[in-house]
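# Fold and geometry: a report
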Amino acid sequence: LGREAAPEFADLLFDRILRTAAEARVAELTQAVSREAQELKAEIADLTREQALARLDQLERLLRQLLQQAAKLGEGELAEFLNQRGDEMTSLVDEIRKALAEGRPEDAQTLMERLANQMQELASDMAEMEARKQEASNELAAAMDAMRDQLADLQKRQEALNKATAEAREEHGQALDDAT
């Protein structure tokens with residue numbers, strides 16, 4: 001890469017690193033939310049209403065963290081996907097809370113199963129998206145390596161041409177410039 005392009009390349013690389021770190025945090029939170037939902041689904045029937053509500057609050061906090069982290073991703077397929085799914089899951093959490101508050105534990109359990117399944121699907125979808133992104137990233141890295149090699153080759157040829165031109169000027173003097 002030329003000196004002019006180096007700062008732009010560094011900025012792009014830095015942005016890519018930050019986005020990758022944010023996406024990794026989103027994937028980590030997605031797994032945590034899914035695990036928490038699966039645990040609550042398995043235990044909700046054996047919990048008191050207060051215990052179930054406390055665990056639901058914990059799940060909701062994790063979900064909120066996930067959605068906040070997704071918002072940091074800015075625009076894009078992943079952020080849009082998470083926002084849409086997040087709204088659906090937040091609505092389900094509210095329905096579960098309402099069912100528990102109204103003394104309908106069977107409904108709460110049914111809704112919790114639905115929520116846990118959605119969370120599991122989200123985690124699976126995230127894993128698939130990450131795999132696709134990794135594949136695309138690998139392809140992009142290979143293309144960038146090839147471009148860097150082509151640019152290095154072009155730079156060597158340019159230097160050789162400059163050297164040959166300088167040698168020709170030395171050998172032929174002003175006559176070479178006058179001929180062009």
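Residues numbered from 1 in each chain as written. Predicted model: local features only at pLDDT ≥ 70, side-chain atom pairs only at ≥ 80, totals over all residues. Heavy atoms only, no water.

### Details of the overall build of the protein
- Scanning the protein from N- to C-terminus turns up five helices and zero strands.
- A compact globule built from 180 residues should have a C-alpha radius of gyration of about 16 Å, whereas the protein, at 29 Å, is more than 25% larger.
- Along the three orthogonal principal directions, the C-alpha set of the protein runs to about 100 × 20 × 20 Å.
- A total of 180 residues make up the protein; the buried ones form 26% of that total. (Helix = DSSP H or I, 4+ residues; strand = E, 2+ residues; numbered from the N terminus. Rg over C-alpha atoms; globule rule 2.2 N^0.38 Å. Buried < 20%, exposed > 50% of the residue type's maximum accessible area, 1.4 Å probe, protein only.)

### Things to note about the pattern of salt bridges
- Under the defined criterion, the tally for this structure stands at 14 salt bridges.
- Across the pair R97 and D94 runs a salt bridge whose closest N-O atoms are separated by 3.8 Å. Linking R97 with D94, this pair stays in helix α3 (residues 77-101), spanning three residues, or about one helical turn.
- Since its relative accessible area comes to 22%, R97 is described here as partly exposed.
- Residue class for D94 comes out partly exposed when judged on its relative accessible area of 41%. (Salt bridge = Lys/Arg side-chain N within 4 Å of Asp/Glu carboxyl O.)

### Digging into a nonpolar patch on the surface
- On the surface, a nonpolar cluster with roughly 270 Å² of combined accessible area is contributed by M147, L151 and L154.
- Among the structural elements, L151 can be located in helix α4 (residues 105-172).
- L151 sits in the partly exposed class, given a relative accessible area of 33%. (Patch = residues over 30% accessible without salt bridge, like charges linked within 9 Å, V, L, I, M, F, W, Y side chains within 5 Å. Areas by Shrake-Rupley, 256 points an atom, 1.4 Å probe, with all protein chains shown as cover.)

### Side note on the nonpolar core
- Counting residues in hydrophobic clusters, the biggest one holds 35 residues, and the most contacted among them are L59, L82, I96, M112, L115 and M119.
- Of all the elements in the fold, those that place two or more residues in this core are α1 (6-43), α2 (49-72), α3 and α4.
- If we ignore the near neighbours within four places in the chain, the residues touching M119 are V33, S34, A37, L59, L63 and M89. (Core = buried A, V, L, I, M, F, W, Y, C linked by side-chain atoms within 4.5 Å. Contact = heavy atoms within 4.5 Å.)

### Remarks on the confidence of the model for the protein
- Mean pLDDT over the protein: 85, with 93% of residues reaching 70 or higher.
- Mean pLDDT across the elements of the protein bottoms out in helix α5 (residues 174-179) (62) and peaks in α2 (91). (pLDDT = per-residue confidence, 0-100.)

### Description of the packing of α3 against α4
- Put simply, α3 and α4 touch, their axes get as near as 9 Å, and they point 165 degrees apart. If you check the angle between α3 and α4, you find them roughly antiparallel. The handedness of the crossing between α3 and α4 is left-handed.
- Its residues assigned to classes, the contact of α3 with α4 shows 17 nonpolar, one polar and nine charged. (Axes fitted to C-alpha atoms, helices over the stretch in contact; angles between N-to-C directions. Parallel < 35°, antiparallel > 145°, perpendicular 65-115°, else oblique. Left-handed = near helix turned anticlockwise from the far one by under 90°. Nonpolar A, V, L, I, M, F, W, Y, C, P; charged D, E, K, R; others polar.)

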